[in-house]
Amino acid sequence: MFGLQHWIHHWSAGRGAHYLKFLVLLLGVTALAVVYDFRAYRGFATIEAMDTAQLARNLAEGKGYTTLCIRPFSLCLLQKHANQDLEDLLRRLPPDRTKWTPDQQAKADALVKPAQLTTPHPDISNPPGYPFALAGLMLLVPFEYTIDPSVRFQMYQPELVIAIFNQILFFLAVWMLVGLARRLLDDTAAWFCALTVLGSELWWRFTLSGHSTVLLLVIFLGIVWCLVWLEHGAEQLMNIWKMLLLAVVLGGLAGAGMLTRYAFGWLLIPVLLFMGSFLGTRRLLLCGVTCVVFCATVSPWLARNYELTGTLFGTAGYSVHEGTYSFPDTRLVRSADPDFSRVDVSDIPDKLLTNLRTMVTNDLPRFGGSWVTAFFLVGLLLPFKSTSLSRLRYFLAFCLLTFILAQCLGRTHLSEESPEVNSENLLIILAPLVFLYGTALFFVLVSQSRIGGWEVRPVFMAAYLGMAWLPLGLGLSARTSPVAYPPYNPPVIQTVSHWMQPGDLMMSDMPWAVAWYGHRTCLWLSLNSEQEFQFLHKQRRINALYLTARTLDNRFITQWVRGENQGWGAFIAESLLRREVPEGFPLTKAFADLFPEQLFLADRARWKQP
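### As for the overall build of the chain
Part 1 of the reasoning: For the chain, the count of helices and strands is 25 helices and 10 strands.
Part 2 of the reasoning: Considering only residue pairs separated by 6 or more positions, the chain has 73% of its internal contacts joining residues 24 or more positions apart.

Written as structure tokens, this is what we have:
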């Protein structure tokens, strides 16, 4: 009898109940993921997803951190820095090249070849954290990259595997949030908060997107956990060595976050503000340790970028100029030699104010993809019994302000192409913590909810969850297309890409898709079909041009004549109307079956090869 009572207590109120809740949550998330993937699965639809995935494939295949998606601006940075290094080297070497040693000749060649596209192109646009994580996944799980043309295309298997990987990370993040909410609130509120996050339709879209956002969420919650433990340790006079260990972990997590997304590095400011405000007499030592570990984590990668380009962040460091009056749309990344002397001093302030107005009027009201944000805004002003909960809201407020400024300044064409699900959306990372404070306020309100002696708390809780889950339910009501077409049609892209040999070079308006689906080297479409194209063509022969609906379906006046593709407007018009390329263009063979939805020009009839 005693054993039976002990067993019942173990699974109802003891340690077993904890495991049982974990199992229920795991089964629930798994079931929801299966239903969501079946009803709402959609292949990669953004530049960032395909770009990082092809980087990961190169890493997994032992090709180093090299890219098949080449930005002309990336080529420009490498070229200019290589030229400077070459000039410095030549000044130290004998004028007579015949007197150079083999090592000296090799050093000179190494400075020239990367810029001339004769060797694998190093990526200087993306931080390495997420591609390395995906590369590890590719080594562990079999990826099937080849698309069978004889079978009706439903989904690209590698993208589904990456989506499942992100959904596993999402479950881990939810479980971390449950533990945090149990510490700051109580068990009921913790599970209620978890259900609210699980019902966020926007987060489920991020799991399918292929972005690094879910990984960043796990890192962010790890940082929050460290701060809560440090704040509690300062109050309870925890052993100094334990607090130093937490500071080391905190600095490492912040560094890992920056190596996953550069803009995430700004989070170090709120972290240090929180530590300096609430960690008592040990704050200077702990802040110093955190900063040292953070710098030690990111320094090797920044040194690599500086060695290649003379800048710490490569092309990503110039994102503050993208979307300004001087460099609208994709003009900067597609330029082989941008003229920064034309930059006006008011460009960046204007960009900040313009994007800040958009964020305040559009993004913040829809923050996190749920109306629960409204509870969070009021919850910031509510006095809480928990000291940790009260102090943590200051950290959240600091993060919100910091990320708003960073997102406004770093906004580029990526946000224009996909306004909500993009790698520049930093605010979404704060959403689970926002939901936690919204849940805290809700429970304060429902604890006082009685109407004529009737307990209405269950009704309010059901209504709250129903409203939080409504967008997800509506999203599952209609099955979406598994292909993001137009413009992405993976079987066609892979077929066209495989007309090229691995050593050939293609130019396209979606080189990230060619690199991911076709695994071929591809230049981003140059600014025009004359000077810029010829400049790149002289560095290395361009064997084919592949244009899709991204360009051919543009509006004539606003995009072909005046917009981002104005340099190709006359070329496209002449090719479409006269059905022949302008005189003097080196690629004259066209594959007629793709016309007019797509345009494929090559130096020879490559599609006729056996």
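### What about the packing of aromatic side chains?
Part 1 of the reasoning: Under the counting rule described, the total for this entry stands at 41 aromatic pairs.
Part 2 of the reasoning: Here the aromatic rings of Phe73 and Phe340 are separated by 6.2 Å at their centres, their planes lie at 55°, and the arrangement is tilted. Residue Phe73 is located in helix H4 (residues 72-92), and its partner Phe340 is located in the loop between helix H13 (283-309) and helix H14 (347-363); the two are separated by 267 residues in the primary sequence.
Part 3 of the reasoning: Here the aromatic cluster, defined as three or more aromatic residues joined through ring pairs, consists of Phe44, Phe143, Tyr145, Tyr156, Trp516 and Tyr517.

### Details of the environment of Leu284
Part 1 of the reasoning: Take Leu284: it is sitting in helix H13.
Part 2 of the reasoning: Judged by its relative accessible area of 72%, Leu284 is exposed.
Part 3 of the reasoning: The spacing of Leu284 and Leu272 is 12 residues in sequence and 9.6 Å in space, taken between C-alpha atoms.

### Let's talk about the nonpolar core
Nonpolar side chains tend toward joint burial in soluble globular proteins.
Part 1 of the reasoning: Of all hydrophobic cores here, the largest spans 184 residues; its most connected members are Phe220, Phe395, Leu436, Trp516, Leu545 and Phe600.
Part 2 of the reasoning: With residues up to four places along the chain from it excluded, the contact list for Phe600 reads Val496, Trp499, Met500, Met506, Ala544, Leu545, Tyr546, Lys589, Ala590, Phe591, Leu594 and Trp607.
Part 3 of the reasoning: Judged by nonpolar contacts, the second largest core, of eight residues, contains Leu77, Leu78, Ile124 and Tyr318.

### Observations regarding the sheet that holds strand S7 (residues 522-524)
The pairing of strands in a sheet comes from backbone hydrogen bonds and takes either a parallel or an antiparallel form.
Part 1 of the reasoning: Strand order across the open sheet formed by six strands is S2-S7-S6-S8-S10-S9, with mixed pairing between neighbours. Strands at the two margins of the open sheet, each flanked by one partner only, are strand S2 (69-70) and strand S9 (589-590).
Part 2 of the reasoning: For strand S8 (residues 544-547) and strand S10 (residues 599-602), the ladder comprises four bridges, and the chain directions are antiparallel. Along S10, the bridge assignment pairs Ala544 with Ala602.

### Description of the pattern of salt bridges
Part 1 of the reasoning: Enumeration according to the criterion identifies 13 salt bridges in this entry.
Part 2 of the reasoning: With a shortest N-O distance of 2.8 Å, Asp187 and Arg182 are connected by a salt bridge.
Part 3 of the reasoning: Owing to a relative accessible area of 31%, Asp187 belongs among the partly exposed residues under this scheme.
Part 4 of the reasoning: Notably, a salt bridge pairs Arg205 with Glu201, separated by 3.7 Å at the nearest N-O pair. Taken together, the residues Arg205 and Glu201, both in helix H9 (residues 201-209) and four residues apart, mark about one turn of the helix.
Part 5 of the reasoning: What makes Glu201 buried here is its relative accessible area of 19%.
Part 6 of the reasoning: A network of salt bridges, in which partner residues are shared, links Asp504, Arg541, Asp603 and Arg606.

### Things to note about the pairing of S8
Part 1 of the reasoning: Alternating residues of S8 divide into Ala544 and Tyr546 and Leu545 and Leu547, and every residue in both groups is buried.
Part 2 of the reasoning: With three bridges joining them, strand S6 (residues 506-508) and S8 adopt parallel strand pairing. The residue bridging Met506 from the neighbouring strand is Ala544, located in S8.

### Section: the packing of H9 against helix H10 (residues 213-236)
Part 1 of the reasoning: Orientation of H9 relative to H10, taken along the N-to-C sense of each, is 115°, at an axis distance of 8 Å. The residues of H10 that touch H9, namely those facing Trp203, Phe206 and Thr207, are Thr213, Val214 and Leu217.
Part 2 of the reasoning: Considered class by class, the residues forming the contact of H9 with H10 number four nonpolar, two polar and no charged.

### Some points on helix H25 (residues 569-578)
Part 1 of the reasoning: If you check which residues of H25 are buried, you get Gly569, Phe571, Ile572, Ala573 and Ser575.
Part 2 of the reasoning: Once H25 ends, the next one or two residues include Arg579, with phi positive near 55°.

### As for the side chain of Ser335
Part 1 of the reasoning: By the element assignment, Ser335 lies in the loop between H13 and H14.
Part 2 of the reasoning: For Ser335, a relative accessible area of 6% puts it in the buried group.
Part 3 of the reasoning: Residues in contact with Ser335, not counting those within four places in the same chain, are Pro72, Phe73, Leu527 and Glu532.

### A short note on helix H20 (residues 490-497)
Part 1 of the reasoning: Among all positions in H20, only Pro490, Ile493, Gln494, Val496 and Ser497 are buried. Looking straight down H20, one finds its buried side chains confined to an arc of 165°; they lie on one side.
Part 2 of the reasoning: Buried residues along H20 sit against S6, helix H21 (511-518), S8 and S10.

### Here we look at the environment of Arg342
Part 1 of the reasoning: Tracing the chain through its elements places Arg342 in the loop between H13 and H14.
Part 2 of the reasoning: In the structure, Arg342 is positioned 17 residues away from Tyr325 in sequence and 10.0 Å away in space, judged by C-alpha atoms.

### Observations concerning the pairing of S10
The side chains of a regular strand alternate between the sheet's two faces.
Part 1 of the reasoning: Covered by surrounding structure in S10 are Leu599 and Leu601 together with Phe600 and Ala602, the residues of both alternating faces.
Part 2 of the reasoning: One ladder, built from two bridges, connects S9 with S10; its direction is antiparallel. Within S10, the position partnered with Ala590 by the bridge is Leu601.

Calculation rules
- Residues numbered from 1 in each chain as written.
- Predicted model: local features only at pLDDT ≥ 70, side-chain atom pairs only at ≥ 80, totals over all residues.
- Heavy atoms only, no water.
- Helix = DSSP H or I, 4+ residues; strand = E, 2+ residues; numbered from the N terminus.
- Contact = heavy atoms within 4.5 Å.
- Phe/Tyr/Trp six-rings, centres within 6.5 Å; stacked < 30°, edge-to-face > 60°.
- Buried < 20%, exposed > 50% of the residue type's maximum accessible area, 1.4 Å probe, protein only.
- Core = buried A, V, L, I, M, F, W, Y, C linked by side-chain atoms within 4.5 Å.
- Pairing = 2+ DSSP bridges.
- Salt bridge = Lys/Arg side-chain N within 4 Å of Asp/Glu carboxyl O.
- Axes fitted to C-alpha atoms, helices over the stretch in contact; angles between N-to-C directions.
- Nonpolar A, V, L, I, M, F, W, Y, C, P; charged D, E, K, R; others polar.
- Arc of directions from axis to C-beta.

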